[in-house]
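# Observations on the model geometry
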Amino acid sequence: QGLALFKDGQYVAALSDLSKALRILPGDPVAHEVHSLALFATGDYAAAAAGLNSLLASAPGMDWTTMSSLYGNQDDYTAHLRKLEDFCDANPRDASSHFVLAYHYLVIGAPEEAVQALRVVLKNQPRDTTAKRMLSALTKEDQAAAKEKAVRPQPKAEVAADAPQTDLVGTWTAKSGDTTIQLDINEDSDFTW
């Protein structure tokens, strides 16, 4: 129900249902990530950062294909991202908002911008081990890519329809206690839970 409310753009109502889901399934990474996305949508970047930081410490985040499927209207996502970028511009030392920004830049395939945001996080929260790990992984990738071609940073990342995609076709299963969740993804990128 929380996911349906989220897709319908009812982010505050979705937060209530997703919070209930997390009490029932506290170890479910998808519920944590969607809960953090609802916090992002409502502008609660500090709480979103806490949830995402915890999640990314032990699991990978979503890619653009998965993320975009959660939104009933992709323009909503773009509006939320622009609002976050504006908040970060107005609050250049706010580590939480920059962590959320780095996460979203990675989702949309803008690693150079993610690196810049993570540097802000670590300048203001030097003990953030998740941000350190993410930055280290990204800068190693950047060094390899720089050898191949020159990289030109862009001031603001664009949400692109052709963002990098991952081949996830198949059946995926997750178990927590007595609960089993199965995700089936077909060649057309349609999926069922």
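Just so it is clear, the structure is predicted and the values come from calculations on it, not from any experiment.

Okay, the side chain of His80 next. Counting through the fold element by element, His80 comes out in helix 6 (residues 74–90). Since its relative accessible area comes to 10%, His80 is described here as buried. Aside from chain neighbours lying at most four places away, what touches His80 is Tyr11, Phe40, Ala41, Tyr45 and Tyr71.

Let us now look at the packing of helix 3 (residues 29–42) against helix 7 (residues 95–107). Following both chains from N to C, one finds helix 3 and helix 7 inclined at 115°, their axes separated by 12 Å at the closest point. Crossing of helix 3 against helix 7: the hand is left-handed. Counted together, Glu33, Leu37 and Phe40 of helix 3 and Val100, Tyr103 and His104 of helix 7 form the full contact between these two elements. Split into classes, the residues belonging to the contact of helix 3 with helix 7 amount to 4 nonpolar, 1 polar and 1 charged.

We now examine helix 2 (residues 11–24). Along its 14 residues, helix 2 runs 20 Å from first to last C-alpha, staying within 8% of the 20 Å computed at 1.5 Å per residue. Within helix 2 the residues assigned to the buried category are Tyr11, Ala14, Leu15, Asp17, Leu18 and Leu22.

All right, on to the side chain of Thr139 then. Position of Thr139 among the secondary structure elements: in helix 9 (residues 129–148). A distance of 3.2 Å separates a polar atom in the side chain of Thr139 from the backbone oxygen of Ser136. Residues within four places of Thr139 in sequence aside, it is in contact with Val115 and Arg119.

So, about the nonpolar core. Most often, soluble globular proteins keep nonpolar side chains buried together rather than apart. Ranked by internal contacts, the top residues of the largest apolar core, which has 47 residues, are Phe6, Phe40 and Phe99. In terms of residues, this core owes the most to one element, helix 7, which gives 8 residues. Those residues in contact with Phe99 that lie beyond four places of it in its chain are Ala49, Leu52, Asn53, Leu56, Leu118, Val121, Asp128, Thr130, Ala131 and Met134.

A few words now on the packing of aromatic side chains. According to the stated counting rule, one finds 6 aromatic pairs in the structure shown. Ring geometry for Tyr71 versus Tyr77: centroids 5.4 Å apart, planes at 75°, classification edge-to-face. Grouping residues by exposure puts Tyr71 and Tyr77 together as buried. Put simply, the rings of Phe6, Tyr11, Phe40, Trp64, Tyr71 and Tyr77 touch in pairs and so form one group of aromatic residues.

What counts as what
Residues numbered from 1 in each chain as written. Predicted model: local features only at pLDDT ≥ 70, side-chain atom pairs only at ≥ 80, totals over all residues. Heavy atoms only, no water. Helix = DSSP H or I, 4+ residues; strand = E, 2+ residues; numbered from the N terminus. Buried < 20%, exposed > 50% of the residue type's maximum accessible area, 1.4 Å probe, protein only. Contact = heavy atoms within 4.5 Å. Axes fitted to C-alpha atoms, helices over the stretch in contact; angles between N-to-C directions. Left-handed = near helix turned anticlockwise from the far one by under 90°. Nonpolar A, V, L, I, M, F, W, Y, C, P; charged D, E, K, R; others polar. Expected span 1.5 Å × (residues − 1). Polar contact = N/O pair within 3.5 Å; in protein donor to acceptor, adjacent residues only side chain to side chain. Core = buried A, V, L, I, M, F, W, Y, C linked by side-chain atoms within 4.5 Å. Phe/Tyr/Trp six-rings, centres within 6.5 Å; stacked < 30°, edge-to-face > 60°.

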